[in-house]
Every structure is written in C-alpha cells, then in structure tokens.
Amino acid sequence: MSLSHAVLTSLIEKASSGYDLARRFDKSIGYFWHATHQQIYRELARMEAAGWIVSQPAPDAGLTRKRLYEVLPAGRAELARWAAESTPPPDLRDDFSVKLRAEAALGEIDLRAELRQRIASHAERLDLYRMLAQRDFPPGRPLGRAAALQHMILQKGLRYEEGSLRWCEEVLALLDTPADTADRPPLT
C-alpha cells in the first residue's frame, strides 16, 4: 500500500485542507498506517501533479495559505484499481522477537524493562480503542454498512492490542523465572 491510497480514502470521506487532513489522518487511518504531516503534504503535491486530486484556495485564503483538496475522477479510479488488487498478508518483522531469540540463545539479556514499556504502550492504546468504540459504536446502535466496516477495523485494533498485551505479560512472567542453562530450545 502506498500513502497515496490512504490519503485518497481520507479525502473521499471528506475534502480537506492539508492541515485538516493530517490531523484527521492522525485520529483515524493513522492508527494503522503511520505518516508524518510532511509526508502527507508531499503526497498531496505528488497526487495533484498526477491528476488524482485538485486543490483550490480555502474560503479563508485571504487570511491563510490553506488549500482545499478534493479527489478527481482519476483519483477515484486509481483508488478503485488499487482496492481491487489482491494483497498478500503482511510479513511479520519484529525486532523484539529476534531479541527474545537472542535471550534464549545467550541467557544474559534483560528484556524486562522493554517488556514493561511495551505492556504500558499496548494498555494505553487498548484504553484509547475502547474509548473510541464506546464513543463511536455504542452497544445497541444500528450501524449502516460503512459504519459497520469502520467498526470492524476498530475491532481488529482492539484484538491486536489485547493479544499483544496478553503475550507481553506472559513473556514477562517467563523472563521473571530463573534460567536453566541446561535447557536450550530447539533451533527451528
């Protein structure tokens, strides 16, 4: 996936200035596709040059340099083309898993502080997702198709954070047990 497809999706949801888009992005798509504000502005310029979006001075253009971005038919076609392509599941590349493997091999690395930091981070994100779920998708409120899809994305985030938090807690408990130097795991 490229950032352009994430930006196109966000602009189709609501035409925005670059600043407003970057702020909305941080509070929605940014939970699963990170981009800096500078990257978003560069992508907007590239997409406008490609003919996917158009910008015009914002209504308050006399006071600011804000531009309002909207998706053109070519941008919709590009997003539809990309969305119709099959994408493989992401490969897991996790530095911390390699560190754990090193701990298993060396037995002299203390990863507990990093695990505690990860536990706090996952717990904080889980609390945020739960708050968003309660605010945006209260129980009993009927959801249309678009809202139900957005709810499923949030559910994926909730499940990821719950699983990651539980896993980190289990690894921390394991690291708190004394190492047995005679027991080396099989190399797989």
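Our subject is the structure listed above.
Everything quoted here is computed from the prediction, not taken from an experiment. (Residues numbered from 1 in each chain as written. Predicted model: local features only at pLDDT ≥ 70, side-chain atom pairs only at ≥ 80, totals over all residues. Heavy atoms only, no water.)

A. Expanded view of the overall build of the chain. Each helix and strand counted, the chain has 7 helices and 3 strands in total. The linear arrangement of helices and strands in the chain, starting from the amino end, is α-β-α-α-β-β-α-α-α-α. Here the chain has a C-alpha radius of gyration of 22 Å; the compact-globule value for 188 residues is 16 Å, and the former is much larger. Along the first, second and third principal axes, the C-alpha atoms of the chain reach 70 × 40 × 40 Å. Within the chain, the proportion of its 188 residues that are buried is 29%. Counting contacts in the chain only where the partners sit at least 6 residues apart, residues at least 24 apart contribute 56% of the total. Here the chain displays about 12900 Å² of accessible surface, and carbon together with sulfur accounts for 56% of that area. (Helix = DSSP H or I, 4+ residues; strand = E, 2+ residues; numbered from the N terminus. Rg over C-alpha atoms; globule rule 2.2 N^0.38 Å. Buried < 20%, exposed > 50% of the residue type's maximum accessible area, 1.4 Å probe, protein only. Contact = heavy atoms within 4.5 Å. Areas by Shrake-Rupley, 256 points an atom, 1.4 Å probe, with all protein chains shown as cover.)

B. Region of the structure containing the sheet that holds strand β1 (residues 16-17). Strands sit in the order β1-β3-β2 across an open sheet of 3 strands; the sheet is antiparallel. What marks the edges here is a single partner per strand, and that holds for β1 and β2 (53-57). Across 5 bridges, the pairing between β2 and strand β3 (residues 67-71) is antiparallel. Its bridge partner being in β3, Gln56 is matched across the sheet by Leu68. Running over the sheet, helix α1 (residues 3-13) touches β1, β2 and β3 and is turned about 100° from β3. (Pairing = 2+ DSSP bridges. Axes fitted to C-alpha atoms, helices over the stretch in contact; angles between N-to-C directions.)

C. Seen up close, the packing of aromatic side chains. The full count for this structure, using the stated rule, is 1 aromatic pair. Here Phe96 and Trp167 contribute two aromatic rings whose centre-to-centre distance is 6.4 Å and whose plane-to-plane angle is 85°, an arrangement assigned as edge-to-face. Of the two residues, Phe96 is situated in helix α5 (residues 95-106) and Trp167 in helix α7 (residues 145-175); the sequence distance between them amounts to 71 residues. Here Phe96 falls in the buried class, since its relative accessible area comes to 0%. (Phe/Tyr/Trp six-rings, centres within 6.5 Å; stacked < 30°, edge-to-face > 60°.)

D. Broad picture of the pairing of β3. In this sheet, β3 lies alongside β1 in antiparallel orientation, the contact comprising 2 bridges. Bridge pairing links Ser17 to Leu68 in β3.

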